[in-house]
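Coordinate inspection notes
Listed below are the residues making up each chain.
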Amino acid sequence: MNSKPTADQAFVRETNLSLVLRLIHNQSPLSRAQIAVITGLNKSTVSSLVDELIAIGLVHETGINLGGTGRPATLLEINSQIGSIIGVELGVDFISVAITDLLGKILWRKREETDPSDGQKKTIDKTLLIVKEAAAAGKKKNSKILGLGITTPGTVDTKKGTLIFAPNLHWHNVPLVSIFSESTKLKVFVENDANAAAVAEHLFGTARQSQNFIFVFAGVGIGGGLFLNGNLYRGTHGFAGEIGHSPIMAEPSQNVCHCGNRGCWETYANQYSIIQRVQARLEVKRSSIIPQLMAEQNSPLNIALIKQAADAGDKEALDSFSEAGSAMGQGFAGLINIFNPEKVILGGPLSMAGEYLLPAIKETVENHVFSEVNKKVEITLSPFGPDASLIGAVSIVADDILSHPISP
Ligand SMILES: [Zn+2]
């Protein structure tokens, strides 16, 4: 008799390994008995799956639970030391690279500003150099690199590993996975920044227990990661979630969006719109500490500076954030009406001013959502703040390991 498992048996085995591994990643520490109860698998199957995960090195025993009425049980958790992950965020005007463990804890990081006019080749070469530094830093810690994740604003073909179009970067059809895997010899993944940030929120953040939530990534543009029925929703061609380009109202005076259209939601609520709101106030000579801060810091007007003014109680800064928050809230209300999510999470660079944006967002949502139930939707800030996309880059590698635990 041939004892080699059939393809079907191997598939079922991997699916069950993944199920148990995800559960331990999500809810550890857990005992074998608890895993059996939650998954519905029988105890001997769970024991054998756990033994395999321990042999692979992804899980280890962490102690004994003496509480409860039953027999003391050995508890299991993820072995976060098994290796590390490199995450790369290709921003519009910066590159951020980090090494983390399997639980998303940052072990090393580096950020460099870029000039969008440098173009694609120069920016990618610069990124590869930082990735090499990251890999060397990982080696120093004797840590095996388990994979490399890249996030970028724009539409991404995750199967082909290609960035299709990033309007804010002006990049078209860039085969990022083949470029980076050739150079680093690592397993490489690429994902849209907001989608990846949603995965990060589910694996490491505030949505670990949520099956339906929306991640709003706000910065130069506004992107959305739709997490529906326990999975990232990609749409027919993989381009779902471009919420920032949903047309609100095309007026002749409205800014042209980077996508070429007028009336896109993001042009009312992105970081440039906030800078513009402040500028318009300063032009009519409103009293504000912002010009003084700009002179003292020899800095152009930017969000960090406007936030500083808001911290000092500057009315023009506070009103500008509040106006942008209302514009954001209108978009949030539309999403909540359509998807009826458990929560909406705001992250990305603009979330650094989240405390000034959230009250206006929540008020607008309350006034615009359709049903009473939707008024109770939780609207919250990502714990990763401006690092949402960077941790997102790490999470797409971690997600692949959790799905295919046999060869980490
Ligand atoms: Zn647009």
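Residues numbered from 1 in each chain as written. Predicted model: local features only at pLDDT ≥ 70, side-chain atom pairs only at ≥ 80, totals over all residues.

Some thoughts on helix 6 (residues 193–204)
An ideal rise of 1.5 Å per residue puts 16 Å on twelve residues; helix 6 measures up with 16 Å between its terminal C-alpha atoms. For helix 6, the tally of buried residues reaches twelve of twelve residues, placing the bulk of the element in the interior. (Helix = DSSP H or I, 4+ residues; strand = E, 2+ residues; numbered from the N terminus. Expected span 1.5 Å × (residues − 1). Buried ≥ 20, exposed ≤ 12 C-beta atoms within 10 Å, placed from the backbone.)

What about the sheet that holds strand 16 (residues 378–381)?
The pairing of strands in a sheet comes from backbone hydrogen bonds and takes either a parallel or an antiparallel form. A sheet is described by the order of its strands in space; here five strands give the open sequence 14-13-12-15-16, paired in mixed fashion. Each end of this open sheet is capped by a strand with a single partner; those strands are strand 14 (231–232) and strand 16. In the sheet, strand 12 (residues 213–218) pairs with strand 13 (residues 222–228) via six bridges, with the strands oriented antiparallel. Within the sheet, the bridge partner assigned to isoleucine 214 lies in strand 13 and is leucine 226. (Pairing = 2+ DSSP bridges.)

Here we look at the domain arrangement of the protein chain
Domain annotation for the protein chain reports domain 1 (7–78), domain 2 (83–201 + 389–403) and domain 3 (207–382). Centre-to-centre separation of domain 1 and domain 2, based on C-alpha positions: 31 Å. Across the boundary between the two partners, domain 1 contributes five residues, which contact four residues of domain 2. Here the side of domain 1 that touches domain 2 gets four residues from one element, more than from any other, and that element is helix 1 (residues 7–27). Looking at the side of domain 1 that touches domain 2 residue by residue, the classes come out as two nonpolar, two polar and one charged. (Domains from an automatic or database assignment. Contact = placed C-beta atoms within 7 Å. Nonpolar A, V, L, I, M, F, W, Y, C, P; charged D, E, K, R; others polar.)

Some points on the packing of helix 1 against helix 2 (residues 32–39)
The N-to-C vectors of helix 1 and helix 2 enclose an angle of 115 degrees; their axes lie 11 Å apart at closest approach. Our classification of the angle between helix 1 and helix 2 gives roughly perpendicular. Seen from above, helix 1 lies across helix 2 with right-handed handedness. Seen from helix 1, the contacting residues are Leu19, Val20 and Leu23; seen from helix 2, they are Ile35, Ile38 and Thr39. Its residues assigned to classes, the contact of helix 1 with helix 2 shows five nonpolar, one polar and no charged. (Axes fitted to C-alpha atoms, helices over the stretch in contact; angles between N-to-C directions. Parallel < 35°, antiparallel > 145°, perpendicular 65-115°, else oblique. Left-handed = near helix turned anticlockwise from the far one by under 90°.)

Observations concerning the sheet that holds strand 1 (residues 30–31)
Strand order in the open sheet formed by three strands is 1-3-2, with antiparallel pairing between adjacent strands. Two strands bound the open sheet, and with one partner strand each, they are strand 1 and strand 2 (59–65). Where strand 2 meets strand 3 (residues 73–78), six bridges bridge the pair, whose relative direction is antiparallel. For glutamate 61, the partnering residue across the bridge sits in strand 3 and is leucine 76.

Points about the nonpolar core
In this structure, Ile86, Val216, Phe332 and Val344 are the most contacted members of the largest nonpolar core, which totals 106 residues. Top contributing element to this core by residue count: helix 13 (residues 388–403), with ten residues. Those residues within four positions of valine 216 in sequence are excluded, and the remaining contacts are Ile222, Gly224, Phe332, Val344, Ile345 and Leu346. (Core = buried A, V, L, I, M, F, W, Y, C linked by C-beta atoms within 7 Å.)

Some points on the pairing of strand 13
In terms of residue burial, strand 13 counts as a mostly covered element, since six of its seven residues are buried. Connecting strand 12 to the antiparallel partner strand 13 that follows it, the hairpin turn spans three residues. Here two bridges tie strand 13 to strand 14, and the two strands are oriented antiparallel to one another. Paired with phenylalanine 227 across the bridge in strand 14 is leucine 232.

Thoughts on the packing of helix 1 against helix 3 (residues 43–56)
Two elements in contact, helix 1 and helix 3, have axes separated by 10 Å at closest approach and are oriented at 80 degrees. Here helix 1 lies roughly perpendicular to helix 3, going by the angle between them. Facing Asn16, Leu17, Val20 and Leu21 of helix 1, the residues of helix 3 in contact are Val46, Leu49, Val50, Glu52 and Leu53. Each residue belonging to the contact of helix 1 with helix 3 can be placed in one class, and the counts come to seven nonpolar, one polar and one charged.

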